[in-house]
Amino acid sequence: MIVCVAVVGHQNNPLYIQSFTEAEDALKLHHIVHCSLDVIDERVNNPSKSGTTMNEAFLGLLYPALNYKVYGYLTNTKVKFIMVTSDLDVRDTDVRSFFRKFHAAYVDAVSNPFHVPGKKITSRTFSESVTNIVSSYSFN
């Protein structure tokens with residue numbers, strides 16, 4: 001089950017964070033998302049050490065937390081997508097598919113002429129589409 005998704009700008013500013021659990025877990029999930037930014041920066045700045053090629057947007061499993069797994073995706077404009085899941089056996093093909101749909105929803109949101117680039121995404125349509133995408137992926 002996906003418990004949190006986030007969009008982080010190229011200057012590591014949070015553009016959108018949504019958790020899908022109880023309120024007391026939200027702070028812990030925000031901390032996990034924040035910690036994953038260091039892992040993304042390390043992979044982007046040292047691609048030979050991480051073993052990933054930077055031709056691909058999907059960064060894969062960033063790190064496993066205690067009861068969660070954190071996955072990352074990096075766009076051409078250096079915007080980072082982060083997904084935290086409570087399922088410990090997730091296929092990469094499912095995660096890639098999720099990030100493709102999430103990226104398409106993001107592109108639709110920032111293509112709005114009233115959206116200011118680099119500012120938080122406050123679109124209700126984007127939130128609804130993210131909720132629909134998350135609910136369609138159970139990973140079980």
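Note that this is a predicted model, so its numbers are computed, not measured.

Novice: Explain the packing of aromatic side chains to me, please; I cannot follow it from the model alone.
Specialist: Given two aromatic rings, one states the distance between the centres and the angle between the planes to describe the pair. Taken as a whole, this structure holds 10 aromatic pairs when the rule is applied. Measuring from centroid to centroid gives 5.7 Å for Phe98 and Tyr137, while their planes differ by 85°, and the two rings are edge-to-face. Separated by 39 residues along the polypeptide, Phe98 in helix 3 (residues 92-110) and Tyr137 in the segment after helix 4 (124-136) bring together distant segments of the chain. For Tyr137, a relative accessible area of 11% corresponds to the buried category. These aromatic residues form a ring-pair network of at least three members: Tyr16, Phe58, Tyr73, Phe81, Phe98, Phe99, Phe102, Tyr106, Phe126 and Tyr137.

Novice: What's the story with the layout of surface pockets in this structure? I'm lost.
Specialist: Think of a ball as big as a water molecule: rolled over the atoms, this probe shows where empty space is left. One number sums up the size of the largest pocket: a volume of about 240 Å³. If you trace the largest pocket, you find 15 residues lining it, with Thr77, Val79, Tyr106, Pro117 and Gly118 closest to the centre. Top element by residues in the lining of the largest pocket is helix 3. It accounts for 4 residues. Residues belonging to the lining of the largest pocket are distributed by class as follows: 6 nonpolar, 8 polar and 1 charged.

Novice: I tried to follow the environment of Ser135 on my own but got confused; where do I start?
Specialist: Among the secondary structure elements, Ser135 is positioned in helix 4. With a relative accessible area of 57%, Ser135 lands in the exposed category. Along the primary structure Ser135 and Pro14 are separated by 121 residues, whereas in three dimensions their C-alpha atoms are 22 Å apart.

Novice: Can you walk me through helix 3 in this structure?
Specialist: An ideal rise of 1.5 Å per residue puts 27 Å on 19 residues; helix 3 measures up with 26 Å between its terminal C-alpha atoms. Listed as buried for helix 3 are Val95, Phe98, Phe99, Phe102, Ala105, Tyr106 and Ala109. When helix 3 is viewed along its axis, its buried side chains cluster within an angular range of 125° and face the same direction. Exposed and facing more than 90 degrees away from the buried side of helix 3 are Thr93, Arg100 and Asp108. Check the buried side of helix 3 and you find it contacts strand 1 (2-8), strand 2 (14-19), strand 3 (58-64), strand 4 (69-74), strand 5 (80-85) and helix 4.

Novice: Can you walk me through the side chain of Ser19 in this structure?
Specialist: Among the structural elements, Ser19 can be located in strand 2. A relative accessible area of 17% means that Ser19 is categorised as buried. Once residues within four sequence positions are removed from consideration, Ser19 is found in contact with Val3, Cys4, Ala26 and Leu29.

Novice: I tried to follow the environment of Asn12 on my own but got confused; where do I start?
Specialist: Tracing the backbone through its elements, the reader meets Asn12 in the loop between strand 1 and strand 2. Not counting chain neighbours up to four residues away, the residues in contact with Asn12 comprise Leu37, Asp41 and Lys80. One polar contact links Asn12 to Asp41, side chain to side chain, over a distance of 3.4 Å. Separated by 3.1 Å, the side chains of Asn12 and Lys80 make a polar contact.

Novice: What's the story with helix 4 in this structure? I'm lost.
Specialist: Within an α-helix, residues lying three or four positions from one another point in the same direction, as the helix has 3.6 residues per turn. The end-to-end C-alpha distance of helix 4 is 18 Å, a good match for the 18 Å that 13 residues give at a rise of 1.5 Å each. Looking only at helix 4, the buried set comprises Phe126, Val130, Ile133 and Val134. Seen from one end, helix 4 has its buried residues packed into an arc of 95°, which puts them on one side. Along helix 4, exposed side chains directed more than 90 degrees from the buried face belong to Arg124, Thr125, Asn132 and Ser135. Capping the start of helix 4 is the job of one residue whose side-chain oxygen sits 3.3 Å from the backbone nitrogen of Thr125: Ser123.

Rules used in this analysis
- Residues numbered from 1 in each chain as written.
- Predicted model: local features only at pLDDT ≥ 70, side-chain atom pairs only at ≥ 80, totals over all residues.
- Heavy atoms only, no water.
- Phe/Tyr/Trp six-rings, centres within 6.5 Å; stacked < 30°, edge-to-face > 60°.
- Helix = DSSP H or I, 4+ residues; strand = E, 2+ residues; numbered from the N terminus.
- Buried < 20%, exposed > 50% of the residue type's maximum accessible area, 1.4 Å probe, protein only.
- 1 Å grid on protein atoms, 1.4 Å probe; cavity = no way out; pocket = protein on both sides within 12 Å on 5 of 7 lines; lining within 4 Å.
- Points joined across faces, edges and corners; volume = space filled by probe spheres on them.
- Nonpolar A, V, L, I, M, F, W, Y, C, P; charged D, E, K, R; others polar.
- Expected span 1.5 Å × (residues − 1).
- Arc of directions from axis to C-beta.
- Contact = heavy atoms within 4.5 Å.
- Polar contact = N/O pair within 3.5 Å; in protein donor to acceptor, adjacent residues only side chain to side chain.

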